[in-house]
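So you can see what is in the structure, the chains are spelled out below.
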Amino acid sequence: MNTANLRTLLMGDKQADRVVPPTGFTAQLTLFVSGAMGFLAVFALALSLASGRLADRWADELARSATLRINAPTDQRADQTKAALDILAQTPGVASARALSVEEQVALLTPWFGPDLPLDTLPIPQLIEVIAGEPGYDLAGLRLRLVAEVPGAVFDDHTRWREPLVDAANSLRRLALVSTLLIGGALAGMITLAANAALAANAQVIEVLRLVGARDRYIAGAFVRRFTMRALIGSAIGVGIGMGGVMLLPEASNEGGFLTGLGFQGLGWGVPLLLPLLSGVVAFFATWNAARRTLKELT
């Protein structure tokens, strides 16, 4: 199909458009399916983009942070904590290091043990928060020095926590992208079925048009234009409703965690606007192939 033929198909022909009934089951089905698929695609894209942001944030934040735990008797804990802080202050690549206060450690343990935790009567280790700079520190060398000079120090770089979380977020992003592709495939399938039904219902009209000299490309163009416009309109309505629903979702917050912040951000709001155009392209090629195949069968 060359550019001239494509332009002719899209510009329309009032006489040829009468071949396809303007109302009826196929019209309602195409509008409904394209609208529903556009609505679902908006949320699939929102989930995919939010998962990508979450994976990037987890990878960045957890990669830069580490925890040093001082497991020492109460009478030695302060000295070992000071020695560990001195070592961290001398280590290239460590941006900052600070010992967590009693209140901060209680806040970390409260979700697990309740608000009335008697911290002074329990052998709770001292925690030190370590933030890496650019470039990072030599992890193996730092661990060897801590083992030699601070016997009660246990260094955790959060690798065992970071990798599963990032993998889970990336898997969720891939799942959302696959869902979007499946939505496009389902849309193409439904439009193909609707186009086949419309062509079969107008078989006698097609035969008459052929008798008076109409070419198959002229007949197919009527079906292609009608179903493409239905898909565009239905998808635009569905996308508009979907974007309105996304705008009503809660904004990102630390309290809500992953369940908040699932909407679009910045230029991401422009991504759903491409969905009606993509729906039209899918409908165009699906209807064109269905029309060409059905017209060949009716020959």
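Residues numbered from 1 in each chain as written. Predicted model: local features only at pLDDT ≥ 70, side-chain atom pairs only at ≥ 80, totals over all residues. Heavy atoms only, no water.

*Asks:* Any details on a nonpolar patch on the surface? Residues and values, ideally.
*Replies:* On the surface, a nonpolar cluster with roughly 620 Å² of combined accessible area is contributed by L31, F39, L40, M229, I233, I237 and I241. When contributions to the nonpolar patch are tallied by element, the ones reaching two or more residues are α3 (25-64) and α9 (216-247). Relative to the elements of secondary structure, M229 occurs in helix α9. (Patch = residues over 30% accessible without salt bridge, like charges linked within 9 Å, V, L, I, M, F, W, Y side chains within 5 Å. Areas by Shrake-Rupley, 256 points an atom, 1.4 Å probe, with all protein chains shown as cover. Salt bridge = Lys/Arg side-chain N within 4 Å of Asp/Glu carboxyl O. Helix = DSSP H or I, 4+ residues; strand = E, 2+ residues; numbered from the N terminus.)

*Asks:* Residue-level account of helix α8 (residues 203-211), with values.
*Replies:* Of all the positions in α8, only A203, I206 and L209 are classed as buried. With its buried residues spanning 120 degrees around the axis, α8 presents them on a single face. The outward face of α8, more than 90 degrees from its buried face, is lined by the exposed residues Q204 and L211. At the C-terminal side of α8, G213 shows a positive phi close to 105 degrees. (Buried < 20%, exposed > 50% of the residue type's maximum accessible area, 1.4 Å probe, protein only. Arc of directions from axis to C-beta.)

*Asks:* I'd like to hear about the packing of aromatic side chains, residue by residue, with values.
*Replies:* Within this structure, the stated rule accounts for two aromatic pairs. Judged by centre distance (5.2 Å) and plane angle (85 degrees), the rings of F284 and F285 are edge-to-face. (Phe/Tyr/Trp six-rings, centres within 6.5 Å; stacked < 30°, edge-to-face > 60°.)

*Asks:* Requested: an account of the pattern of salt bridges, with residues and values cited.
*Replies:* Side chains bearing opposite charge may pair, as long as their charged atoms lie close to each other. Inspection of every chain in the model, using the stated rule, returns four salt bridges. A salt bridge links K82 to D86; the nearest nitrogen and oxygen atoms lie 3.3 Å apart. Taken together, the residues span about one helical turn, with K82 and D86 both in helix α4 (residues 74-90) at a distance of four residues. Residue classification places D86 among the partly exposed residues on the basis of a relative accessible area of 35%. Between E129 and R98 there is a salt bridge, with its nearest N and O atoms 3.2 Å apart. Here E129 is found in strand β3 (residues 126-132), whereas its partner R98 is found in strand β2 (residues 94-99), with 31 residues between them in sequence. On the accessibility criterion, E129 (31% relative accessible area) is partly exposed.

*Asks:* Break down the nonpolar core for me, with residues and values.
*Replies:* Taken as a class, soluble globular proteins show a tendency for nonpolar side chains to be buried jointly. V42, I191, F264 and L275 are the most contacted members of the largest nonpolar core, which has 18 residues in total. For this core, the elements supplying multiple residues, two or more each, are α3, α7 (159-201), α9 and α10 (275-297). With seven residues, the single largest contributor to this core is α3. The residues contacting L275, other than those within four sequence positions of it, are G38, A41, V42, L45, S235 and V239. (Core = buried A, V, L, I, M, F, W, Y, C linked by side-chain atoms within 4.5 Å. Contact = heavy atoms within 4.5 Å.)

*Asks:* Pulling in residues and values, what's your account of the sheet that holds strand β1 (residues 65-70)?
*Replies:* Sheet architecture is open: four strands sit in the order β2-β3-β1-β4, paired in antiparallel fashion. Only two strands of the sheet have a single partner each, and these edge strands are β2 and β4 (153-156). Averaged over all pairs of adjacent strands, the angle between strand axes in this sheet comes to 20 degrees, irrespective of strand direction. In this sheet, β4 lies alongside β1 in antiparallel orientation, the contact comprising four bridges. Along β4, the bridge assignment pairs I70 with A153. (Pairing = 2+ DSSP bridges. Axes fitted to C-alpha atoms, helices over the stretch in contact; angles between N-to-C directions.)

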